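The residues making up each chain are set out below.
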Amino acid sequence: MILEERLSLIRKILKKEGTVSNSSLLEELDISESTLRRDLDYLQKNGEIRRVHGGATLNRLLEETNYKYNETSNISAKKNIGKKASSLIEDGSYIFLDAGTTTHCLIDYLVNKKITVVTNGLMHLEKLSGFSIPTIILGGKVKGSTFISYGEETINEINSLNFDIAFIGANGVDDSYYTTADINEALIKKAAINNANKAYILADSSKIGKKYFANICSFEQAKHIKED
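Note that this is a predicted model, so its numbers are computed, not measured.

Draft legend 1. Quick look at the sheet that holds strand 13 (residues 214-218). Strands sit in the order 10-11-13 across an open sheet of three strands; the sheet is antiparallel. Edge positions in the sheet fall to strand 10 (172-173) and strand 13, since each of these pairs with one other strand and no more. Along the sheet, helix 9 (residues 183-194) contacts strand 11 (177-180) and strand 13; its crossing angle with strand 13, the most-contacted strand, is approximately 15 degrees.

Next comes the structure, spelled out in structure tokens:
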């Protein structure tokens, strides 16, 4: 059984049981203790579980981290994702660029693109302006921890527009849904996806298996772009 199959099975067991013993996992997966230890260490490092004496327990829903923390994590992976995403953009396109550090990396690869960007990501404005990329910033309330505009005004503006492509960030990629911590941000992401011809979730592999409070959309509604 390959790593991803083992991890998927462990997640499924823990979601059903909440807490499970090492002996039960060993019997269910038919693997060695050293392999189980490495798998559980991996899941604990990703914040999905907590190791307890003789077993493991599923963590509660994860909490949001702020933009300043996120912009220093997994930089190489995010740049790789940004480069891959840029290859999907044709000249003349209208792009919705979601807030976030991974979408921010995409901007570096838009320099020679003849496009218009619509965004609620306040963190994007300096770089977009520096690259002379035509940009529409959405109005609304301001959330300081993640540097976004949000709220009814933001959603109304999105619903009055149509996009060729929407590039959306996510905090978690669960079994069948992309998720985020804040319901207000999830509503913005949903609206952008619904008003786009194509939608892509930009999320590095560290987000896989993590689950947050609010669903963004199902796997069928947006394709996942990760670093590999």
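So that's the structure; there's more coming.
Draft legend 2. Quick peek at unusual backbone geometry. Positive phi is not limited to glycine here, since Asp30 has a value of about 55 degrees. Mapped onto the secondary structure, Asp30 falls in the loop between helix 2 (22-29) and helix 3 (33-45). For Asp30, a relative accessible area of 69% translates into the label exposed. Positive phi, close to 55 degrees, is recorded for Ser132, a residue that is not glycine. Checked against the element boundaries, Ser132 lands in the loop between helix 7 (125-130) and strand 6 (135-137). For Ser132, a relative accessible area of 63% gives the class exposed.

Draft legend 3. Structural detail: the packing of aromatic side chains. For the coordinates displayed, the defined rule picks out three aromatic pairs. Taken together, a centroid distance of 5.4 Å and an interplanar angle of 50 degrees make the contact between Phe96 and Phe163 tilted. Here Phe163 lies in strand 9 (residues 163-169) and Phe96 lies in strand 4 (residues 94-97), a separation of 67 residues in the sequence. Side by side, Phe96 and Phe163 carry an identical accessibility label, which is buried. Ring geometry for Tyr178 against Phe219: centres 4.9 Å apart, planes inclined by 50 degrees, an arrangement best described as tilted. Here Phe219 lies in the loop between strand 13 and strand 14 (223-225) and Tyr178 lies in strand 11, a separation of 41 residues in the sequence. A residue is classified by how much of its surface remains accessible, and Tyr178, at 2% relative accessible area, is buried.

Draft legend 4. Region of the structure containing the pairing of strand 11. The pairing of strand 10 with strand 11 spans two bridges and is classified as antiparallel. Each bridged residue has a counterpart across the sheet, and for Gly172 the counterpart in strand 11 is Thr179. If you look at the hairpin formed by strand 10 and strand 11, you'll find three residues sitting between the two strands. Where strand 11 and strand 13 come together, four bridges link them in antiparallel fashion.

Draft legend 5. Structural context of the environment of Asp175. Secondary-structure assignment places Asp175 in the loop between strand 10 and strand 11. Note: C-alpha distance between Asp175 and Lys211 (36 residues apart in sequence) is 8.9 Å.

Draft legend 6. Region of interest: helix 9. Here helix 9 spans 16 Å end to end across 12 residues, near enough to the 16 Å set by a 1.5 Å rise per residue. Among the residues of helix 9, those classed as buried are Glu185, Ala186, Ile188, Lys189, Ala191, Ala192 and Ile193. Its side-chain oxygen 2.7 Å from the backbone nitrogen of Asn184, Asp182 forms the N-cap of helix 9.

Draft legend 7. Highlighting the sheet that holds strand 1 (residues 19-21). Sheet architecture is open: three strands sit in the order 1-3-2, paired in antiparallel fashion. The two strands at the open ends of the sheet, each matched to only one other strand, are strand 1 and strand 2 (49-52). Going from strand to strand, the sheet's axes swing by 20 degrees on average, the running direction of each strand aside. Lying over the sheet, helix 2 contacts strand 1 and strand 3 (55-58), oriented at roughly 75 degrees with respect to strand 1. Across the sheet, helix 3 lies against strand 2 and strand 3, angled at about 130 degrees from strand 2, the strand it touches most.

Rules used in this analysis
- Residues numbered from 1 in each chain as written.
- Predicted model: local features only at pLDDT ≥ 70, side-chain atom pairs only at ≥ 80, totals over all residues.
- Heavy atoms only, no water.
- Pairing = 2+ DSSP bridges.
- Helix = DSSP H or I, 4+ residues; strand = E, 2+ residues; numbered from the N terminus.
- Contact = heavy atoms within 4.5 Å.
- Axes fitted to C-alpha atoms, helices over the stretch in contact; angles between N-to-C directions.
- Buried < 20%, exposed > 50% of the residue type's maximum accessible area, 1.4 Å probe, protein only.
- Phe/Tyr/Trp six-rings, centres within 6.5 Å; stacked < 30°, edge-to-face > 60°.
- Expected span 1.5 Å × (residues − 1).
- Polar contact = N/O pair within 3.5 Å; in protein donor to acceptor, adjacent residues only side chain to side chain.

Treat this as a map of the structure, not an account of what it does.
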